[in-house]
Amino acid sequence: MELGSLQRRYIDFTSALFREGFLDNQYTQLQQLQDESNPEFVLEVVTLFFEDSEKLLDELSRTLDQQVVDYKKVDAHVHQLKGSSASIGAQRVKNVCMAFRNCCEERNQEGCLRCLQQVRQEYFLVKSKLETLFRLEKQILAAGGSVPVLW
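It should be emphasised that the depicted structure is a prediction, and the values quoted were computed from it without experimental measurement.

Here we come to the overall build of the protein chain. What the protein chain contains, in helices and strands, is six helices and zero strands. Secondary structure of the protein chain in N-to-C order comes out as α-α-α-α-α-α. Principal-axis analysis of the C-alpha atoms gives the protein chain an extent of 55 × 30 × 25 Å. Counting over 151 residues, the protein chain shows a buried share of 40%. Pairs at least 24 residues apart make up 66% of the contacts formed inside the protein chain by residues separated by at least 6 positions. For the protein chain, the accessible surface area stands at approximately 8,600 Å², while carbon and sulfur atoms represent 48% of it. Here the protein chain contributes 18 positively and 22 negatively charged side chains, and the mean placements of these two sets differ by 4 Å.

The UniProt entry lists H79 under the feature "modified residue: Phosphohistidine" (unreviewed entry), expressed in the numbering used here. Inspection of the secondary structure puts H79 in helix 4 (residues 71-88).

Spanning 17 residues, helix 1 (residues 3-19) covers 24 Å between terminal C-alpha atoms, matching the ideal 24 Å at 1.5 Å per step. Listed in full, the buried residues belonging to helix 1 are G4, L6, Y10, T14, A16 and L17. Two or three places before G4, at the opening of helix 1, E2 has a side-chain oxygen 3.0 Å from that residue's backbone nitrogen. Just downstream of helix 1, G21 is the residue with a positive phi angle, here 80°.

Thresholds, definitions, all that
- Residues numbered from 1 in each chain as written.
- Predicted model: local features only at pLDDT ≥ 70, side-chain atom pairs only at ≥ 80, totals over all residues.
- Heavy atoms only, no water.
- Helix = DSSP H or I, 4+ residues; strand = E, 2+ residues; numbered from the N terminus.
- Buried < 20%, exposed > 50% of the residue type's maximum accessible area, 1.4 Å probe, protein only.
- Contact = heavy atoms within 4.5 Å.
- Areas by Shrake-Rupley, 256 points an atom, 1.4 Å probe, with all protein chains shown as cover.
- Lys, Arg positive; Asp, Glu negative; His and termini not counted.
- Charge placed at Lys NZ, Arg CZ, Asp CG, Glu CD.
- UniProt positions renumbered as here; feature names shortened; annotations may be inferred.
- Expected span 1.5 Å × (residues − 1).
- Polar contact = N/O pair within 3.5 Å; in protein donor to acceptor, adjacent residues only side chain to side chain.

And the structure:
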């Protein structure tokens, strides 16, 4: 694919992620921390987010499957997931975590299970979108171009 076309696709795709609420300005701030001395900063931070989030989601599933649910433990995991999703700008994941924490407070197992499904769905959606974005960045760089800056 031609470089100009790749860059337009990148801009359109990134704009859609913000418009559809997948990402917020925190992601832009993360991008601003990336420079020539650390050109893969965003990729590294987001990859850590992916690894941590999948562990947390598995732990949440195990904890909510117990006969007697430890809501403090569930809330601690959700709080951690909310914080890490907020730190990379994964807005929709963060928003579901807020509702999830309310269900924990109410000790509502049904609600927690529903929220777990929602947060899992939003997490895998944003993961897929960000992986696509990173692939586009690599294609642009491989074609000899620079990744467009949107801020």
